[in-house]
Amino acid sequence: MLSKRLEQALANKQQALSYRTRSVCQPNGKYLRIGGKQYLNFSGNDYLAIASTRAVQSAWQSLDDCYLSGSTGSPLINGYHPAHQALEAQIADWLGFEKALLFSTGFAANSNVLKTLMNDKSGLILQDKLNHASLIDGGLAANAKSIRFAHNDLMQLEKKLTQQATEKLIVSEGIFSMDGDCAPVRDLVTLSQKYQSGLMIDDAHGLGVLGSEGKGSLQAQQVKPSDIDIYMATFGKALGSAGAIICGSKTLIDYLVNFSRSYIYSTAMSPLQAKLTGIAVNLVQKDQWRRDKLNENIDYFKRCLEVNGFANTGSESAIQPIIIGDNQTTLNLAEALKQRGIWLTAIRPPTVAKGTARLRITLSTALDKADINYLVTQLAQAHKAGDINA
């Protein structure tokens, strides 16, 4: 029975053109190698080209033997390494929080933090409609009631905040992963204070690329760290590494260490990975040219789109969505670009809303104007052929 049900579910996905497969990829800077062929990579999250920089690639060769490839245990048994402690302190100091806590993945951090903290059935979680799946899953797993408000709709959020609850928590991304637009974090702070609600910001796509020294969405919008109850960010985007961090008060972090089942019962991240992530943080802080180059590429891409008759994407970030609409056309366009040496993934429901299948273009410091020109030229040809509605 189980096998038949699974086969039917997969068949339904194939029929809906939402079936997913994996490609074995070897990213390296602006290029991606798949099946022996090289493509321009417009799908990765290595916004600052940190993952491929020599400073990180060669760093492990000079590290002493204490930086093991594995932590050998959970953090509360024997897996909390000096490299973990140093990285947590480094990030807390960089971003201005009292304390920080490492998680192995962003999904684990988001889903378990909400489940752990919002454990009162009379509590209320208020999430932006376009929040990441990890946040949505965390809200659904929590004992508190979980509701969603229309994307960046402050009036609707305020109306929902008037509901009675023993405890409330507003949850939003800093930069939204599929649309690339920013949350009005300062306004969210104002509402959270007005209604005595907590506030959590997932800054996975903002850390490193926004603000002075890459401090992210809070610094970019002149929000004090003390105005945020829970700050989360991942290392797999602008830092070019892997893993995640939760920042906040000492009380928050101590509570998670004692009550977060994912943290307590998971093997800690590799000490080697923690050390290399710390090196990446140093690069992000001091290499302002990486953010400058990324912003130049974003501005240039948007100008090229405008010249070629495309509508504004609505994003000022490295994430630039080109909405196609139906799944088949999006798949066809992604394949046509692949044949022209461009790697772009077709993003389809349920990752995005039905009828909004898209090409999710991501820009990076590694790309040049010639690369961007080539992409937009190919998109313009597709538009001319009727495959894209500008």
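Attention in this report is confined to the structure presented alongside it. Since the model is a prediction, treat every value here as computed from it, not as a measurement.

Reading the values: the criteria
- Numbering of residues starts from 1 in each chain and follows the order in which that chain's sequence is written.
- Under the rules for a predicted model, residues below a pLDDT of 70 receive no local features and side-chain atom pairs below 80 are neither given nor counted, while totals for whole chains, interfaces and linings still include all residues.
- Side-chain numbers come from the whole structure's heavy atoms, not from hydrogens or water.
- DSSP-based pairing: two strands are paired if at least 2 bridges between them are found.
- The way it works is that DSSP assigns letters per residue, a run of H or I at least four long becomes a helix, a run of E at least two long becomes a strand, and they are numbered from the N terminus.
- Any two rings among Phe, Tyr and Trp, with Trp reduced to its six-membered ring, count as a pair given centres within 6.5 Å; such a pair is stacked if its planes are under 30 degrees apart, edge-to-face if over 60, and tilted if neither.
- Consider the ring centre and the ring normal. A charge sits over the ring if Lys NZ or Arg CZ is within 6 Å of that centre and within 35 degrees of that normal.
- The contact criterion used is simple: two residues touch if any of their non-hydrogen atoms lie within 4.5 Å.
- Polar contact criterion, stated in full: a pair of N or O atoms within 3.5 Å, where within protein one must be able to donate a hydrogen and the other to accept it, and residues adjacent in sequence count only if both atoms are side-chain atoms.
- Structural elements are reduced to axes, namely lines fitted to C-alpha atoms, with helices fitted over the stretch in contact, and the angle between N-to-C directions of any two is expressed from 0 to 180 degrees.
- Small angles under 35 degrees read as roughly parallel and large ones over 145 as roughly antiparallel, with 65 to 115 read as roughly perpendicular and the rest as oblique.
- By convention the crossing between two helices is left-handed if the near helix lies anticlockwise of the far one by an angle smaller than a right angle, and right-handed if it lies clockwise.
- Three classes are used, and their members are as follows: Ala, Val, Leu, Ile, Met, Phe, Trp, Tyr, Cys and Pro are nonpolar, Asp, Glu, Lys and Arg are charged, and the others, Gly among them, are polar.
- Partly exposed residues are those whose accessible area sits between 20% and 50% of the maximum for their type, while under 20% is buried and over 50% is exposed, using a 1.4 Å probe and protein chains only.
- A right-handed crossover is one whose linking path, passing over the helix from the first strand to the second, runs clockwise when the strands point away from the viewer.
- Only four residue types enter the tally: Lys and Arg on the positive side, Asp and Glu on the negative side, with His and both chain ends excluded.
- Put simply, a salt bridge is a Lys or Arg side-chain nitrogen that is within 4 Å of an Asp or Glu carboxyl oxygen.
- In this scheme, a helix's expected span is set at 1.5 Å multiplied by one less than its residue total.

Right, let's get into the sheet that holds strand β3 (residues 37-41). The sheet built from four strands is open, its strands ordered β1-β2-β3-β12 with mixed pairing. The sheet is open, and its two edges are formed by β1 (25-28) and β12 (342-343), each paired on a single side. Bridging between β1 and strand β2 (residues 31-34) involves four bridges; their strand directions are antiparallel. Its bridge partner being in β2, Q26 is matched across the sheet by R33.

Next up on the list: unusual backbone geometry. Most of the time, phi is negative for any residue but glycine, and the peptide bond is trans. A cis geometry characterises the amide bond from P349 onward to P350, with omega recorded as 10 degrees. For P350, the position within the fold is in the loop between β13 (346-347) and β14 (357-362). In the Ramachandran plot, A49 falls in the positive-phi region, its phi being about 55 degrees despite a non-glycine side chain. Mapped onto the elements, A49 comes out in the loop between β3 and α2 (54-57). Even without glycine at this site, N152 takes up a positive phi of about 55 degrees. When you line up the elements, N152 lands in the loop between β6 (145-149) and α7 (154-161).

Looking now at the packing of aromatic side chains. Scanning the model with the defined rule gives four aromatic pairs in all. Positioned over the ring face of Y300 is K369, at 5.2 Å from the centre of the ring.

Time to look at the environment of Y80. Here Y80 shows up in the loop between α3 (75-79) and α4 (82-95). In this structure, the C-alpha to C-alpha distance between Y80 and M269, residues 189 residues apart in sequence, is 8.9 Å. Look past the residues within four positions of Y80 in its chain and what remains in contact with it is S74, P75, Q85, E88 and Y263. Here E88 takes part through its side chain, which lies 2.6 Å from a polar atom of the side chain of Y80.

All right, on to the packing of α7 against helix α8 (residues 185-194) then. α8 packs onto α7 with a crossing angle of 15 degrees between their chain directions and a minimal axis gap of 11 Å. Taken together, the axes of α7 and α8 are roughly parallel relative to one another. The two elements α7 and α8 cross, and the hand of that crossing is right-handed. Note on element contacts: α8 touches α7 through D187, L188, L191 and K194, opposite L154, L157, E158 and L161. Across the contact of α7 with α8, the residue classes tally to five nonpolar, no polar and three charged.

Turning next to the pairing of strand β7 (residues 168-173). Remember that side chains alternate between the two faces of the sheet whenever the strand is regular. A large share of β7 lies buried, amounting to six of its six residues. By the bridge criterion, four bridges tie strand β5 (residues 124-128) to β7 in an arrangement that is parallel. Within β7, the residue paired with Q127 across the bridge is V171. For the segment spanning β7, α8 and strand β8 (residues 198-202), crossover handedness is right-handed.

Attention now moves to the side chain of D128. When you line up the elements, D128 lands in strand β5. Despite being buried, D128 has no salt bridge partner; R148 is the closest side chain of opposite charge, sitting 7.4 Å away.

Look at helix α13 (residues 288-307): 29 Å from first C-alpha to last across 20 residues, which is about the 28 Å you get at 1.5 Å a residue. Inspection of α13 places R290, R291, L294, N297, I298, Y300, F301, K302, C304 and L305 among the buried residues, and these make up the whole buried set. One or two steps after α13, the chain reaches G309, where phi turns positive at roughly 85 degrees.

When you line up the elements, S111 lands in helix α5 (residues 106-117). With 30 residues separating them along the chain, S111 and A141 place their C-alpha atoms 7.8 Å apart. Apart from the residues lying within four places of it in its own chain, the contact partners of S111 are S134 and G138. A distance of 2.7 Å separates the side chain of S111 from the backbone oxygen of F107, its partner in a polar contact.

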